[in-house]
Amino acid sequence: MAAQSPDIGAAAILAGPPVVVERRLPAWRRLGWSFWTAVSWLALVTVAALLGPLLPFADPNVQDLASQGAGPGAGHVLGTDSLGRDMLSRLVAGARISLTVGYASTLLGMLAGTLLGLLAGYVRGRLEAVVVATLDAVLAFPALVLVLAVTTFIGHDIRIIVAIIGFLGIPAFGRVSRAVTLALAQREFVLAARAMGAGDLRILALEILPNVVAPVLTFALLGVAVAMIAEGALAFLGLSVPPPAASWGAMVAEGRSTLDTAPQVSLVPATVFFLTIFALNLSADRLRRVAEVRESRL
Amino acid sequence: MLAFVRARLAHLLPVLFVVTCFSFLLTSFLPGDIALVMAGPNATPQSVAALREQLQLDQPLPVRYVDWLGRAVRGDLGRSPRSQQKVTDAIRERLPVSLELLVLAELIGLLVAVPVGVLSAHRAGGPLDQAASGAAFGILAIPGFVVAIVLIYVFAVQLNLVPATGYTPLLDDPLANLRSFFLPALTVGLGEAAAYTRLLRSDMIATLQEDYIAMARAKGLPTWHILLRHALKPSSFTLLTVLGINIGRLMGGALIVETIFALPGIGRLLVESIYARDLIVVQGVVAFVAVAFVLVNFGVDLLYGVLDPRIRHGRAVA
């Protein structure tokens, strides 16, 4: 992420005097109301997705032929799509797919990428050269093309989608954790642990890993956003989970043909999608800024 | 400079090898019999056998790769079994559309980002900065296909200014051509503008803290002169890197945007070939796209060396 490093300097400059005041506040206050609004929205969407089938909403796949492309009103809180299916139910069902792909593939990419990055940044030498070159090559490959090809030829199963999007996330996590590890490995506390006779494995697990977790988790929020956008794009092209299953990207695409008569069919899921990505980006950004202030005090 | 170029070349060749390898393997690692998949449901055993012969599936994988690579570097990426068109001809036909989209989108991105980024940095924390930062942050959270839908809704459905989809070749009718590119270029360009504004703003703020800027101010040089002549160039490296990455990426066409707006570019070719299971075309186009991406970034790396002598001499790390 080329955008991250220069931002650090800018944030430090911008943060100037007000930060001194902010520092005395407890961490949860320092994150600000925007952070907690974003987190509340994410929590709401996640809970809705988890409880989805238990909620007293209409069946997302049942067509109400009496109202097709209807606006919000009695019976259907957010209206219906062009086949007369309840929008709210489909949004909740879509959240299950979008969030599963977002969270699961990020978890996969994060675990594999962080492990590689830790090893590369700590062991250095030939291993690092091989890892970095491989990650660069994967990054150079057109990601969406790979996803499209794999899902077309292997299948549209959600597990395959999670696996391939997760695989593509490995280089980003590898780079972040390697950069953090490189910096940490030079620090005094690592030297102190080594002087006290700690082995490499112990240093990696007990000294370095705990310090890598925070930046990696912050980065993971962005990863979830990217993974959800990738699934959305796939669904938009009709190559994610097959219909009639709902996915936010597919819902936006389905409403495209009725943009002139019933624009809300497309625009409602588009708004929900935007709010979720925005909430993920915003919370990652706030966490990063607060972490930087703390880091600069060390 | 020569040593610098040589060092970059040494890095380029292995990446090119891995990337072409990957493009080739993409189609070989798919499960099942490729010939059977490609021939489709109505294939006769004879046509499958002919296809297998054409693809040389009886040969071992490394032999096929070397053979494919050898022909690829000579400009032969094979022939589509579906349309009988040469892959290179298909790419040549589609490339101008993707390039036009690329140029227009990057122009929109830079024309917005450079003035807004410079002015935001000049009055960091001011009203323009806050508005621009907020807008950029919001735009970056909208997936491309959602931007496209919203733009179609506003400009084509509500205002009826431009066609929602469709394509007119440049030479047939330049004005209609620009109209057909307006929405797709804006869709891509908006995202680029937001990203570039953020990059340029933060780099520029850092540059404006430098001593030589204070020196220029002390000499009484006009503000615009300091901003554009002294601060812009050294602040544009991150912007240039990301511009390079984006150009490399867009060389392969914008898959989603070209599909939504029905532009016959490289991205559309790829999506069509994937839908049609035309593996020869997929393989050829993917190789082309990946190699183009790597080469554009190689060019950007060299450009750094020209712009900043410190990088050429290996004292600064970009």
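Residues numbered from 1 in each chain as written. Chains lettered and ligands numbered in written order. Predicted model: local features only at pLDDT ≥ 70, side-chain atom pairs only at ≥ 80, totals over all residues.

### Examining the overall build of chain B
A tally of helices and strands in chain B yields 15 helices and zero strands. With the C-alpha coordinates of chain B rotated into their principal frame, the extents come out at 80 × 55 × 35 Å. Pairs at least 24 residues apart make up 70% of the contacts formed inside chain B by residues separated by at least 6 positions. (Helix = DSSP H or I, 4+ residues; strand = E, 2+ residues; numbered from the N terminus. Contact = placed C-beta atoms within 7 Å.)

### As for the interface of chain A and chain B
Facing the 40 residues of chain A at the interface are 47 residues of chain B. Of all the elements in the fold, those that place two or more residues in the side of chain A that touches chain B are α1 (4-23), α5 (125-140), α6 (143-154), α9 (200-236), α10 (248-254) and α11 (264-297) of chain A. In terms of residue count, α11(A) provides more of the side of chain A that touches chain B than any other element does, eight residues in total. Split into classes, the residues belonging to the side of chain A that touches chain B amount to 30 nonpolar, six polar and four charged. (Nonpolar A, V, L, I, M, F, W, Y, C, P; charged D, E, K, R; others polar.)

### Structural notes on the packing of helix α5 (residues 87-122) of chain B against helix α11 (residues 237-251) of chain B
Residues and elements named next belong to chain B. Across the interface, α5 lies against α11 with an axial gap of 9 Å and an inter-helix angle of 155°. The angle between α5 and α11 falls in the class roughly antiparallel. At the point where α5 passes α11, the crossing takes the right-handed sense. Contact with α5, carried on its side by S98, L102, A105 and E106, involves L243, N246, I247, L250 and M251 of α11 and no other residues of that element. A per-class count over the contact of α5 with α11 returns six nonpolar, two polar and one charged. (Axes fitted to C-alpha atoms, helices over the stretch in contact; angles between N-to-C directions. Parallel < 35°, antiparallel > 145°, perpendicular 65-115°, else oblique. Left-handed = near helix turned anticlockwise from the far one by under 90°.)

### Quick look at helix α8 (residues 174-208) of chain B
In this model α8(B) runs just 43 Å from its N-terminal to its C-terminal C-alpha over 35 residues, more than 12% under the 51 Å that 1.5 Å per residue would give. The buried fraction of α8(B) amounts to 26 of the 35 residues, a majority that puts the element mostly inside the structure. (Expected span 1.5 Å × (residues − 1). Buried ≥ 20, exposed ≤ 12 C-beta atoms within 10 Å, placed from the backbone.)

### Side note on the confidence of the model for chain A
All names here are of chain A. When pLDDT is averaged across chain A, the result is 79; 84% of the residues are at 70 or more. Per-element confidence in chain A is highest for helix α4 (residues 87-123), whose mean pLDDT is 90, and lowest for α1, whose mean pLDDT is 44. Predicted confidence for residues 1-22 stays below pLDDT 50, and this span has 27 contacts to residues more than four positions away or in other chains. (pLDDT = per-residue confidence, 0-100.)

### Overview of the confidence of the model for chain B
Note that predicted coordinates carrying low pLDDT should not be read in detail. Of all residues in chain B, 91% attain a pLDDT of 70 or more, and the chain-wide mean is 82. Mean pLDDT values over the elements of chain B span from 64, in helix α15 (residues 309-312) of chain B, up to 91, in α5(B).

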